[in-house]
Amino acid sequence: MTAYLQALRMINFRNYADETVLLSPGLNVVVGENALGKTNLLEAISFALTGSTPRTPKENEVVRWDQDFCRTEARVALEDGGRKVAVGYAPGQKKRPTVDGVPATSLTNYAAGGAGVRVINFFPDDLRIVKGAPADRREFLDALISALRPAYARAAADYARAVQQRNQLLRRIRDGFSSERTLATWDRKVVELGETVLKGRVAAVERLEPFLADSLGALYGPEKAALRYSYSAPLETYAEALREARGADIERGTTSVGPHRDNFEVSLGGVDLTTYGSQGQQRLATLALKFAARDYVRWATGEDPILLFDDVMSELDEQRREYLADYFLQSVQAVISTTNPEYFRPEVLQRSRVIRISGGPVTVSTMAGARG
Amino acid sequence: MATYARPVERLITELSKLPSIGPKSAQRIAFHVIRGRQEDAFGLAEALREVKERIRPCRRCFNLTEAEECEICRDPRRDPSVICAVEDPYDIGSIERTGEYRGLYHVLGGALSPLDGIEPEDLRIAELVERVKVEGTQEIVVATNPNTTGEATALFIAQEVEDLPVRVTALASGLPVGGDLEYADEVTLGRAFAGRREL
């Protein structure tokens, strides 16, 4: 229960040319004005420990503007000593994660705990998990399960590929380039992979729900929170539904049934928050989902993930800020960014490491305890 | 940007058409050839010519051969009741090196992939079905690659011979022998787990 990040070196990562940051177990508060690199530091931690950035699908953006590669190096403290992990990345080439100098078997395995510790991120854009489209919710769920089960990550990727193949086949049939002879074959392949994805998601949602109820209860109030997985077709009738959709699918040239069309609903007191939630409720529900994800990782692995929460305090009232501060203090490790250190009470800051990011050429100074 | 004499440029261009050879590797190989002995270079040229002139697909299994039928098809010691279907001729080499298989082969010439426009008609699946009928094959071992397209191809073959008295099997996928469980990648290990057997 004690794995945490001791040190991070960022080379050509976003606005950092070559910086090293030391971190403590427990709460780390990253303080600095806007646009100086607080978020980039949190992103770099995530990149270092999972091999990819949670912020953007355009990964080449993480490389410093006039450079052609970036690299992160991290020292992770474990119960039985330490581990050095590094990720090198040159856009257009395969990423090369290493653990104690030895190349990881694959990026998927590295992301699923290969670095020795997992992470739970919160970036302001994550609001879309509750507020946004079903695709945003599916992505959240898939990323969470993939961080625990590399076989799921592979099945989900293969499923996406099989659906692409089927879609292309549907269009070729529609346009007269293919016969329907191989459609049954692709349906079988799609269903075989899709079932793995469905089972994984349904099991995760079931497990997440009580955790979400607890955390949203603590953050919001006594109304009951619920998670409901909504199927385009449930497991038992999935193969049949896909077969029945063939005609319509051929016409549209796209696969209308399967986990790539599913959704899950987050509700509070029976009300779907995506459609009817206030901005404040959606924000708290997103936070609560992240906390539920923490509990889920803890349940599945027996280890706490590192919490990386970007600018989470500013939108909350004082009572909730205090709740969060306590929550972070009690975590194995949390790295929280803020423009205003006064969001934390002085006694909280005294028990934390405060990392100040100042302007000009970016320098990172680390000090234990608070000033002012 | 012709930096070198025209024949040198031509050699570099031809070399860079080869798979997994980029412009830099092509240049390095070209200069290696230029520096090397004349008979080595002519030997290579002659080998390239010979392979294109004399090698053709076996009329029965589509393995590469100099004759009408390949050596494996002509070998009376092979078991003609089993056919192993592979994507490419070089897969035969891999299986032969195991020394475990004594049946015949069938080269499909790829795998089904709508994204690449590859249809059953582009593969030698009909030829395989015909062989099963004519040769009275008892088992097809499908040894396509363990990826989406390879596995879909295997499923399709099974579907095509459904009504024939032939058994269709696929290779198991699982752990590498001689390795430690600890070092197996999780996906392979997960598959091996799903395909575990009774002892």
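The following paragraphs examine the structure supplied in this document. All values derive from a computational prediction rather than experimental measurement.

Criteria and thresholds
- Residues numbered from 1 in each chain as written.
- Chains lettered and ligands numbered in written order.
- Predicted model: local features only at pLDDT ≥ 70, side-chain atom pairs only at ≥ 80, totals over all residues.
- Heavy atoms only, no water.
- Helix = DSSP H or I, 4+ residues; strand = E, 2+ residues; numbered from the N terminus.
- Rg over C-alpha atoms; globule rule 2.2 N^0.38 Å.
- Buried < 20%, exposed > 50% of the residue type's maximum accessible area, 1.4 Å probe, protein only.
- Phe/Tyr/Trp six-rings, centres within 6.5 Å; stacked < 30°, edge-to-face > 60°.
- Salt bridge = Lys/Arg side-chain N within 4 Å of Asp/Glu carboxyl O.
- Pairing = 2+ DSSP bridges.
- Axes fitted to C-alpha atoms, helices over the stretch in contact; angles between N-to-C directions.
- Parallel < 35°, antiparallel > 145°, perpendicular 65-115°, else oblique.
- Left-handed = near helix turned anticlockwise from the far one by under 90°.
- Contact = heavy atoms within 4.5 Å.
- Nonpolar A, V, L, I, M, F, W, Y, C, P; charged D, E, K, R; others polar.
- Buried area = accessible area lost by both parts, 1.4 Å probe.

This part is about the overall build of chain A. When helices and strands are tallied, chain A shows 12 helices and 15 strands. A globule of 372 residues ought to have a C-alpha radius of gyration of about 21 Å, and chain A, at 22 Å, matches this closely. In terms of principal-axis extent, the alpha carbons of chain A reach across some 70 × 50 × 40 Å. Looking at chain A as a whole, 55% of its 372 residues are labelled buried.

Residue and element names in this part refer to chain A. Scanning the model with the defined rule gives 13 aromatic pairs over all chains in all. With a centroid separation of 6.3 Å and an interplanar angle of 50°, the aromatic rings of Phe47 and Tyr89 are classed as tilted. Taken together, the residues span a long stretch of sequence, with Phe47 in helix H1 (residues 38-50) and Tyr89 in strand E5 (residues 81-89) at a distance of 42 residues. When its relative accessible area of 0% is taken as the criterion, Phe47 is described as buried.

Another point: the pattern of salt bridges. Residues and elements named next belong to chain A. The full count for this structure, using the stated rule, is 44 salt bridges over all chains. In this structure, Arg298 engages Asp304 in a salt bridge whose closest nitrogen and oxygen atoms are separated by 2.6 Å. A relative accessible area of 31% places Arg298 in the partly exposed class. With a relative accessible area of 4%, Asp304 lands in the buried category. Overlapping salt bridges bring together Arg9, Asp18, Arg71 and Glu73 as one network.

With that settled, the discussion passes to the sheet that holds E5(A). Residues and elements named next belong to chain A. Across the sheet, which stays open at both edges, the 6 strands sit in the order E2-E1-E4-E5-E6-E7 with antiparallel pairing between neighbours. Of all the strands in the sheet, just strand E2 (16-22) and strand E7 (102-103) have a single pairing partner and so form its edges. Sheet topology note: the strand E4 (residues 70-78)/E5 ladder contains 9 bridges and is antiparallel. Bridged to Arg71 within E5 is Gly88.

All right, on to the packing of helix H10 (residues 279-301) of chain A against helix H11 (residues 318-329) of chain A then. All names here are of chain A. Here H10 crosses H11 at 15°, and the two axes come no closer than 14 Å. Between H10 and H11, the angle is such that the two are roughly parallel. Judged by the sense of rotation from one axis to the other, the crossing of H10 with H11 is left-handed. Contacts between H10 and H11 involve Leu284, Leu287, Phe291, Arg294 and Asp295 on the former and, on the latter, Arg320, Leu324, Tyr327 and Phe328. The residue inventory of the contact of H10 with H11, partitioned by class, reads 6 nonpolar, no polar and 3 charged.

Let us look at the interface of chain A and chain B. The interface is formed by 24 residues belonging to chain A together with 20 residues belonging to chain B. Across the chain A/chain B interface, buried area totals approximately 2000 Å², and carbon plus sulfur atoms make up 58% of it. Run the count over chain A and chain B and you get 4 salt bridges. Among the ionic pairs, A:Arg172 bridges to B:Glu119, the shortest N-O distance being 3.0 Å.

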